[in-house]
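Here's the letter readout for the chains.
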Amino acid sequence: ETLPQFKPTFKLKVGTDVYDAKRRPAWTDRILYKVNTGNYDDVKLKLTQQNYRSHPEFYESDHKPVSSFFRIAVFSNKLADQLLLKAFHPVVKFHIDEVYLDEDNVLVYTVDTKDMRYLRSWDWIGVYRADTFNLETYLAFLWAPSHPARDNAYELYFDENVFIRSGKYRLAYHSSDSRDILGISHPFPA
């Protein structure tokens, strides 16, 4: 476990951010994790905790929930090529310059020619707040274009109703065929 860098998440008065003076605050809501790095021949697993936080905005309990975001590395690129694993690398690469609030925006992504075989007609791109870690809580979505606008570049046309609050956003390309994520953008401001 990474040591919490947030206030204790237990022994609060329900409905407030105030600790109950009759009880000692504690970090009872935690996320423990372990990866067995040597379980497979020729494969070394690696798990890195990217984010560990509490959610003080919840008041329904004397607990504050916690969440974590992990990155797992299963294969090196070299080993993936040797094992002929398809689409080990991100297939979709987003190229986002500027995004404006309350305006139409055109965003671009590219796909290498060798990876176009992974794209399907019902693929879609979800728009997320950058601090969201649940793929079901997208703010908006677009169906992926079936043909590139130029070379290997695809254009996404978002209307003025998508980016209406300032903050950081992220895009994720969802494959309808395999139910995989074929690409995730870096967080970008709007």
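Use the structure listed above.
Cut-offs used in this document
- Residues numbered from 1 in each chain as written.
- Predicted model: local features only at pLDDT ≥ 70, side-chain atom pairs only at ≥ 80, totals over all residues.
- Heavy atoms only, no water.
- Phe/Tyr/Trp six-rings, centres within 6.5 Å; stacked < 30°, edge-to-face > 60°.
- Lys NZ or Arg CZ within 6 Å of the ring centre and 35° of its normal.
- Pairing = 2+ DSSP bridges.
- Helix = DSSP H or I, 4+ residues; strand = E, 2+ residues; numbered from the N terminus.
- Axes fitted to C-alpha atoms, helices over the stretch in contact; angles between N-to-C directions.
- Polar contact = N/O pair within 3.5 Å; in protein donor to acceptor, adjacent residues only side chain to side chain.
- Contact = heavy atoms within 4.5 Å.

Caption draft 1: Spotlight on the packing of aromatic side chains. This model, assessed by the stated rule, comprises 15 aromatic pairs. Among the aromatic side chains, those forming a connected cluster through ring pairs are Trp122, Trp124, Tyr128, Tyr138, Phe141 and Trp143. Here Arg23 stacks its cationic end above the ring of Phe10, 5.6 Å away from the centre of that ring. One residue, Arg129, lies across the ring of Tyr169, its end atom 5.0 Å from the ring centre.

Caption draft 2: Local environment of the sheet that holds strand β7 (residues 153–158). With antiparallel pairing, three strands are arranged side by side in an open sheet as β3-β4-β7. Of all strands in the sheet, those with a lone pairing partner are β3 (92–95) and β7, marking the two edges. Neighbouring strand axes in the sheet, compared pairwise and without regard to direction, differ in orientation by 30 degrees on average. For strand β4 (residues 105–111) and β7, the ladder comprises six bridges, and the chain directions are antiparallel. Counterpart to Tyr109 in the pairing with β7 is Tyr154.

Caption draft 3: Just the side chain of Ser185, in detail. Among the structural elements, Ser185 can be located in the loop between β9 (181–184) and β10 (188–189). A distance of 2.8 Å separates a polar side-chain atom of Ser185 from the backbone nitrogen of Leu171. Leave out the neighbours within four places in its chain, and Ser185 touches Phe94, Ile96, Arg170 and Leu171.

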